[in-house]
Amino acid sequence: QVQLVESGGGLVQAGGSLRLSCAASGRTFSSYAMGWFRQAPGKEREFVAVISRTGGSTAYADSVKGRFTISRDNARDTVYLQMNSLKPEDTAVYYCAASAPGRIVTLPTTSAQYDYWGQGTQVTVSS
């Protein structure tokens, strides 16, 4: 079992930056690929970014590529999402998720490939 707690959300003006954190507890953090997803009101949850277990590989949704950076610190059991050049369309609840070891896909990008989820943190970007 893995418990995930996100923090760092808030209200920011368009063009601004935020850094989200997701602290994990439970089983060995470094065994899990970690992802960020987001869900805007009235929309389905969508993939944002993923980082491999070692941090050596990452992948991003096209909508955030070049603006967001995912990273992890396995010594601190934490994954981060640095969000720059924020746009109003980035407004959503952001969730971190852990994909259990043993899955074939190194960089999972769909919700079904994740086993544990945090409670979410709200990000609001004003125009």
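Below you will find a few notes about this structure. (Residues numbered from 1 in each chain as written. Predicted model: local features only at pLDDT ≥ 70, side-chain atom pairs only at ≥ 80, totals over all residues. Heavy atoms only, no water.)

Turning next to unusual backbone geometry. The phi dihedral of Asp-77 falls on the positive side, at around 55°, and the residue is not glycine. One non-glycine residue, Ser-85, lies in positive phi territory at about 50°. If you trace the backbone, Ser-85 turns up in the loop between strand E8 (78-83) and strand E9 (92-99). (Helix = DSSP H or I, 4+ residues; strand = E, 2+ residues; numbered from the N terminus.)

Going through the model one piece at a time under the given rule, you end up with five aromatic pairs. Both rings, one in Phe-37 and one in Tyr-114, keep their centres 5.1 Å apart while their planes meet at 80°; by these two values the pair is edge-to-face. In this pair, Phe-37 sits in strand E4 (residues 33-39) while Tyr-114 sits in the loop between E9 and strand E10 (116-117), placing the two residues 77 residues apart along the sequence. You'll find Phe-37 and Tyr-114 in the same group, each marked buried. By the ring-pair criterion, three or more aromatic residues cluster together here, those being Phe-37, Phe-47, Tyr-114 and Trp-117. Directly above the ring of Tyr-95 sits Arg-45, whose terminal nitrogen or CZ lies 4.0 Å from the centroid. When the ring centre of Trp-117 is taken as origin, the NZ or CZ atom of Arg-45, which lies over that ring, is 4.6 Å away. (Phe/Tyr/Trp six-rings, centres within 6.5 Å; stacked < 30°, edge-to-face > 60°. Buried < 20%, exposed > 50% of the residue type's maximum accessible area, 1.4 Å probe, protein only. Lys NZ or Arg CZ within 6 Å of the ring centre and 35° of its normal.)

Attention now moves to the sheet that holds strand E1 (residues 2-7). If you trace the four strands from one edge of the open sheet to the other, you get E1-E3-E8-E7, paired in antiparallel fashion. In this open sheet, the two edge strands, each paired with only one partner strand, are E1 and strand E7 (68-73). Each strand of the sheet is rotated relative to its neighbour by a mean of 15°, with strand direction disregarded. Inspection of the sheet shows E7 paired to E8 by six bridges, in the antiparallel sense. Within the sheet, the bridge partner assigned to Arg-72 lies in E8 and is Val-79. (Pairing = 2+ DSSP bridges. Axes fitted to C-alpha atoms, helices over the stretch in contact; angles between N-to-C directions.)

This next bit is on the nonpolar core. Across soluble globular proteins, you tend to see nonpolar side chains buried next to one another. Membership of the largest hydrophobic core comes to 36 residues, with the highest contact counts inside it found for Leu-4, Met-34, Trp-36, Leu-81, Met-83 and Tyr-94. Mapped by element, the contributors of at least two residues to this core are E1, strand E3 (18-26), E4, strand E5 (46-51), E7, E8, E9 and strand E11 (121-126). (Core = buried A, V, L, I, M, F, W, Y, C linked by side-chain atoms within 4.5 Å.)

Let us now look at the state of the cysteines. For the coordinates displayed, the defined rule picks out one disulfide. Two residues share a disulfide in this structure: Cys-22 and Cys-96, whose sulfurs sit 1.9 Å from each other. Looking down the S-S bond of the Cys-22 and Cys-96 bridge, the torsion is 40°, so its handedness is right-handed. Of this pair, Cys-22 sits in strand E3 while Cys-96 is found in strand E9, placing the two residues 74 residues apart along the sequence. (Disulfide = S-S within 2.5 Å.)

Before going further, it helps to spend a moment on the environment of Gln-13. Mapped onto the fold, Gln-13 is located in strand E2 (residues 10-13). Setting aside chain neighbours within four positions, we find Gln-13 in contact with Val-125 and Ser-126. (Contact = heavy atoms within 4.5 Å.)

Below, the discussion takes up the pairing of E9. Where burial is concerned, most of E9 is hidden: seven out of the eight residues are buried. Sheet analysis places E4 next to E9, joined by seven bridges and oriented antiparallel. The residue of E9 that forms the bridge with Arg-38 is Tyr-94. In this sheet, E11 lies alongside E9 in antiparallel orientation, the contact comprising three bridges. Across the sheet, Tyr-94 pairs through a bridge with Thr-121, a residue of E11. Across two bridges, E9 lies against E10 in antiparallel orientation. Bridged to Ala-97 within E10 is Trp-117.

Keep in mind these numbers describe shape, not what the thing actually does.
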